Amino acid sequence: MVFMRFRPRIFSPSLFGPSKPRTPTLAASPPAAAAARRRIVSMASSTTTSEDALRRALAERQAAVDAQAETVRALKAAGAAAAKAEVDAAVEALKALKVEAGAAARRLQAAVGAGGGGAAREEMRQAVVNTLERKLFYIPSFKIYRGVAGLYDYGPPGCAVKANVLAFWRQHFVLEENMLEVDCPCVTPEIVLKASGHVEKFTDLMVKDEKTGTCYRADHLLKDHCKEKLEKDLTLSPEKAAELKHIEHFVDPEDKSHPKFVDVADLEFLMFPRELQLSGESAKLVKLGEAVSKGTVNNETLGYFIGRVYLFLTRLGIDKNRLRFRQHLPNEMAHYAADCWDAEIECSYGWIECVGIADRSAYDLRAHSDKSGVPLVAHEKFSKPREVEKLVIVPSKKDLGLAFKGNQKMVVEALEAMSEKEAMDMKAALESKGETNFQVCTLGKDVVITKKMVSISMEKKLEHQRVFTPSVIEPSFGIGRIIYCLFEHSFYTRTSKSEEEQLNVFRFPPIVAPIKCTVFPLVKNQEFDDAAKVIDKALTTAGISHIIDTTAISIGRRYARTDEIGVPFAVTVDSATSVTIRERDSKEQIRVGIDEVASVVKQLTDGQSTWADVSFKYPSHIGPQGDQE
């Protein structure tokens, strides 16, 4: 018995002790220095291009420079005793090492820039944003009044992308998981937020700049400081760099297995559990089944939805190599959570949280049941009555009230919430000693419980059904953030045919592309226009979003114009009986009969066929591929 509630939260695109490096020893002679250079180069070529490896490579090259500089100084100090040729060779070796160190520094700077908001990353972001705004995917809200930070209006193609993402979200989670959908208001009474713990438990520390009066969230200020340090100080060791870097489904709390977990168990992707974060290591490729079996992920149901979120994001077009699942650290876990993971996507703003997947245990439903007086429980009916042995805890409210007065309610709740083991241990202690210490978390201390304050027993009962408070698995989506990351991950440039211009392309998968295909009469004549109208009607009947472009510009320029808004397929009408269909990224073309166009495009955009499938079935066509002519 499972129930599910998803909340797609909408966000705007705008965000938010070192060990000594190993030093190679260089001898005074130039051949030794050359050998050392070869060792360093060889070692660097075999390492990964991760930031940590690049920092180590830079440290080793700098150490080699320092050692060779000392060699040069020693040779010059020797004066006449050192041959001029030997000194010259040592100087040349030093120059070569400096060149290598400079190259290593540039590689690291590029990597940090690509991963932390440097110049390269800023340039890429501006190229994406300029294209998005120019093509009206979105624009700042109230732009003619200079806009409002963090607020954006989606234009026609942006609205289409957002609608397609939400439609795929509904298909992937609601329909495929056989869930029930509800739509709730955004305005919430204060009493609900108090019951859920949001009023008392969720606070963000703020700091104020006394000179300017500007207020900041303390965690964001610290994060920005660390980010700036990482980008500007290339001499940081990998260890110091690591130091600075530091979703609802109701489920039976007694059985958090999932019947479909086997479908996602073999998925392998970047996972960043808390032990790797605390030790300063990077995220690693892990099979989901292994993470659940080892207890890294709390249970199968939580793991199942982590896997489903991974599939959802990668099928949208998010780059799997720039997607990771990070486990919350103990100090950032919500007060209710048994386990929580964030799907984080890397974009020009760095790694940002786009989906939160939390096992909220039964906290929500119990809290709202207590506050509202309405039981929020699930019923599991048995095919035949069962005799069960049940734990019965009966607090004596009178004795507890006399002993604890205003704290009586919290002590009663803590006693009633005991597990079977805790209760039976207390029963044994009370029977042998007459009293025992008992920790009440809500009071933050131990209290003394005496034998007359509580009755604990195991009783046999005949039950026809089981009544329980379900646990909640909550996937929470930041749709706006996901869409922005999709824009960045889908964007690339390619050189025009004249090699004088870079053409912008969005490689949207057909499922989210704002327009599925374009129709181009090759030249302006009545025969081709009539054929285009036939195709237009067929595409409309099939429910395929499309545009017809009859402008007089070259076919190459028309291809480039639609590539820039991510249209995956282009239909070129160059005869009255057959047309060509061009695929955006490969620029390959096939020839198809006019009466088959709508069917072929429908199969491609619905995912029933791949481009490889139709390329095998239909003859290829050689013609203008989409670069400007």
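Every value quoted in this text rests on a predicted model; they were computed, and no experiment measured them.

Cut-offs used in this document
- Residues numbered from 1 in each chain as written.
- Predicted model: local features only at pLDDT ≥ 70, side-chain atom pairs only at ≥ 80, totals over all residues.
- Heavy atoms only, no water.
- Helix = DSSP H or I, 4+ residues; strand = E, 2+ residues; numbered from the N terminus.
- Buried < 20%, exposed > 50% of the residue type's maximum accessible area, 1.4 Å probe, protein only.
- Areas by Shrake-Rupley, 256 points an atom, 1.4 Å probe, with all protein chains shown as cover.
- Expected span 1.5 Å × (residues − 1).
- Arc of directions from axis to C-beta.
- Contact = heavy atoms within 4.5 Å.
- Salt bridge = Lys/Arg side-chain N within 4 Å of Asp/Glu carboxyl O.
- Axes fitted to C-alpha atoms, helices over the stretch in contact; angles between N-to-C directions.
- Parallel < 35°, antiparallel > 145°, perpendicular 65-115°, else oblique.
- Core = buried A, V, L, I, M, F, W, Y, C linked by side-chain atoms within 4.5 Å.
- Domains from an automatic or database assignment.
- Polar contact = N/O pair within 3.5 Å; in protein donor to acceptor, adjacent residues only side chain to side chain.
- Patch = residues over 30% accessible without salt bridge, like charges linked within 9 Å, V, L, I, M, F, W, Y side chains within 5 Å.
- Left-handed = near helix turned anticlockwise from the far one by under 90°.
- Nonpolar A, V, L, I, M, F, W, Y, C, P; charged D, E, K, R; others polar.
- Pairing = 2+ DSSP bridges.

For the rest of this paragraph, the subject is the overall build of the protein chain. Secondary structure assignment for the protein chain yields 21 helices and 24 strands. Scored against the burial criterion, the 629 residues of the protein chain give a buried share of 45%. Put simply, the protein chain shows about 33600 Å² of open surface, and 54% of that area lies on carbon and sulfur atoms.

Attention shifts here to helix 5 (residues 156-175). Over its 20 residues, helix 5 extends 27 Å from the first C-alpha to the last, a length consistent with the 28 Å expected when each residue adds 1.5 Å. Taken together, the buried positions of helix 5 are occupied by P157, G158, V161, N164, V165, F168, W169, H172, F173 and V174.

To continue, consider helix 20 (residues 597-606). Taken together, the buried positions of helix 20 are occupied by V597, A598, V600, V601, L604 and T605. Taken down its axis, helix 20 places every buried residue within 165 degrees of arc, on the same side. Those residues of helix 20 that are buried lie in contact with strand 20 (517-521), helix 18 (526-541), strand 22 (569-573), strand 23 (578-583), strand 24 (589-593) and helix 21 (611-617). Phi turns positive one or two residues past the end of helix 20, at G607, with a value near 85 degrees.

Our focus in this paragraph is the pattern of salt bridges. Counted according to the given criterion, the structure contains 27 salt bridges. E290 serves as the salt-bridge partner of K294, at 3.0 Å between the closest nitrogen and oxygen. A relative accessible area of 62% means that K294 is categorised as exposed. Judged by relative accessible area, which is 37%, E290 ranks as partly exposed. The closest approach of N and O atoms between R326 and E344, which form a salt bridge, is 2.9 Å.

The next point concerns the packing of helix 4 (residues 119-134) against helix 17 (residues 479-490). In the contact formed by helix 4 and helix 17, the axes pass within 10 Å of each other and the chain directions differ by 110 degrees. Classed by the angle they form, the pair helix 4 and helix 17 counts as roughly perpendicular. Contacts between helix 4 and helix 17 involve M124, R125, V128, V129 and L132 from the first element and Y484, F487 and E488 from the second.

This paragraph deals with the nonpolar core. Residues F312, L313, F325 and F487 are the most contacted members of the largest nonpolar core, which totals 61 residues. Sort the elements by how many residues they give to this core and helix 12 (residues 300-316) lands first, with 10 residues. Residue-level mapping places this core at the junction of two domains, with at least three residues from each of domain 2 (261-365) and domain 4 (515-617).

Attention now goes to the side chain of E344. Relative to the elements of secondary structure, E344 occurs in strand 11 (residues 339-347). Owing to a relative accessible area of 7%, E344 belongs among the buried residues under this scheme. A distance of 2.9 Å separates the side chain of E344 from the side chain of R326, its partner in a polar contact. Beyond its immediate chain neighbours, meaning those up to four positions away, E344 contacts R322, L323, R324, R326, W351, I352 and E353.

Looking now at a nonpolar patch on the surface. On the surface, a cluster of nonpolar side chains totalling about 600 Å² of accessible area is made up of F142, I144, Y145, V148 and L151. Mapped onto the elements, Y145 comes out in the loop between strand 3 (138-140) and strand 4 (152-154). On the basis of relative accessible area, Y145 is assigned to the exposed category, the value being 67%.

Moving on to the packing of helix 5 against helix 17. Relative to each other, helix 5 and helix 17 sit at 115 degrees, their axes nearing to 11 Å. Considered as vectors, helix 5 and helix 17 are oriented roughly perpendicular to each other. In the crossing of helix 5 with helix 17, the sense of the turn from one axis to the other is right-handed. Contacts between helix 5 and helix 17 involve V161, K162, V165 and L166 from the first element and I479, I483, L486 and F487 from the second. Per-class residue counts for the contact of helix 5 with helix 17 are 7 nonpolar, no polar and 1 charged.

Our next topic: the sheet that holds strand 22. Taken together, 5 strands build an open sheet; the order of strands is 21-20-22-23-24 and the sheet is mixed. For this open sheet the edge positions go to strand 21 (546-548) and strand 24, each flanked by a neighbour on one side alone. Recorded for the sheet is a direction-independent mean angle of 25 degrees between the axes of neighbouring strands. The sheet contact formed by strand 20 and strand 22 spans 5 bridges and is parallel.

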